[in-house]
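So the chains spell out like this:
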Amino acid sequence: MNVLVRGLALLVLVASVSACSVRNPVSDNSPDAAVEAARYVHDGPRQLTLYTMISNESGSGAHTSLMINGSQRVAFDPAGSFRKEGAIVAKNDVVYGMTPYMVDQYTRFHARETYHVVVQSIDVSPQVAEMALRKAQTLGPVTEAQCAKSTSALLQTLPGFEDAPQSYYPRKLMDYFADKGATYDRLFEYDDDDKSKVLAAFVPEYERQ
């Protein structure tokens, strides 16, 4: 009976984090030259922005990512699927070139008929922002279903965030950011659930000019 209970618990855990179990569909990382060319410096406050994707049906967390505004603005998107070769610049699980247009596209990509997105931001010192950026860049590809756990592990290395909960559950990190006084916003959209269609239609910013 205990084995059965543990087995059911594992199934529940896998189901709850399945949205961050899609590995990067791009076979290779973007080349270093593309990473450097995509560098974007945002003039806003140094900031950590937590993204939590929430099921519209169950209310459970499905994916976690962290946007970092340091000496450049990037998204740490562990085991994420916001990737399109030749159009979205990413190395391991860091997405580069997070301009206002890309931030909008990234947020809308995750909001659809089955999920909405909670966006929470905390201002930090330039030193903490830079530590977060460097840590994200040193991590290799995150394994499946580890999005929340890897994000919390990154946060725990930062001054002021050492108490971040180690958890597989995105909502725990969302609650943690709320307790730390983060700003709060939500995005609901009702596009088709097939995100591959969004990526297929994605137009890079330089092609829009």
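The model shown is predicted, which means the values in this text are computed figures rather than measured ones.

The rules we used
- Residues numbered from 1 in each chain as written.
- Predicted model: local features only at pLDDT ≥ 70, side-chain atom pairs only at ≥ 80, totals over all residues.
- Heavy atoms only, no water.
- Salt bridge = Lys/Arg side-chain N within 4 Å of Asp/Glu carboxyl O.
- Helix = DSSP H or I, 4+ residues; strand = E, 2+ residues; numbered from the N terminus.
- Buried < 20%, exposed > 50% of the residue type's maximum accessible area, 1.4 Å probe, protein only.
- Pairing = 2+ DSSP bridges.
- Core = buried A, V, L, I, M, F, W, Y, C linked by side-chain atoms within 4.5 Å.
- Contact = heavy atoms within 4.5 Å.

Asker: Please clarify how the pattern of salt bridges should be interpreted in this entry.
Answerer: The full count for this structure, using the stated rule, is 6 salt bridges. Where K91 meets D32, a salt bridge forms, and the shortest distance between an N and an O atom there is 2.6 Å. Here the residue K91 occupies a position in strand 4 (residues 90-91), and D32 occupies one in helix 2 (residues 32-37), the gap between them amounting to 59 residues. With a closest N to O distance of 2.8 Å, D77 and R83 form a salt bridge. Connected via shared salt-bridge partners are D77, R83 and D93.

Asker: Which parts of the structure should I look at to understand the pairing of strand 3 (residues 73-76)?
Answerer: Strand residues, when the strand is regular, have side chains that alternate between the two faces of the sheet. Here strand 3 shows no split at all, with R73 and A75 on one side and V74 and F76 on the other all buried. Linking two consecutive strands that pair antiparallel, namely strand 2 (residues 61-69) and strand 3, is a turn of 3 residues. Bridge count between strand 3 and strand 5 (residues 94-95): 2 bridges; the pairing is antiparallel. Its bridge partner lying in strand 5, F76 is registered against V94.

Asker: What is the right way to read the nonpolar core from this model?
Answerer: When a protein is soluble and globular, its nonpolar side chains tend to lie buried together. Of all hydrophobic cores here, the largest spans 28 residues; its most connected members are L48, L66, I68, L155, F161 and F177. Those elements that place two or more of their residues in this core are strand 1 (47-55), strand 2, strand 3, helix 4 (126-138), helix 5 (147-156) and helix 6 (170-179). At 5 residues, helix 4 tops the list of elements feeding residues into this core. Apart from the residues within four sequence positions on either side, I68 is in contact with Q47, L48, R73, V74, F76, A129, A132, L133 and A136. Formed by 20 residues, the second largest nonpolar core is a distinct cluster that contains M53, M67, A87 and V119.

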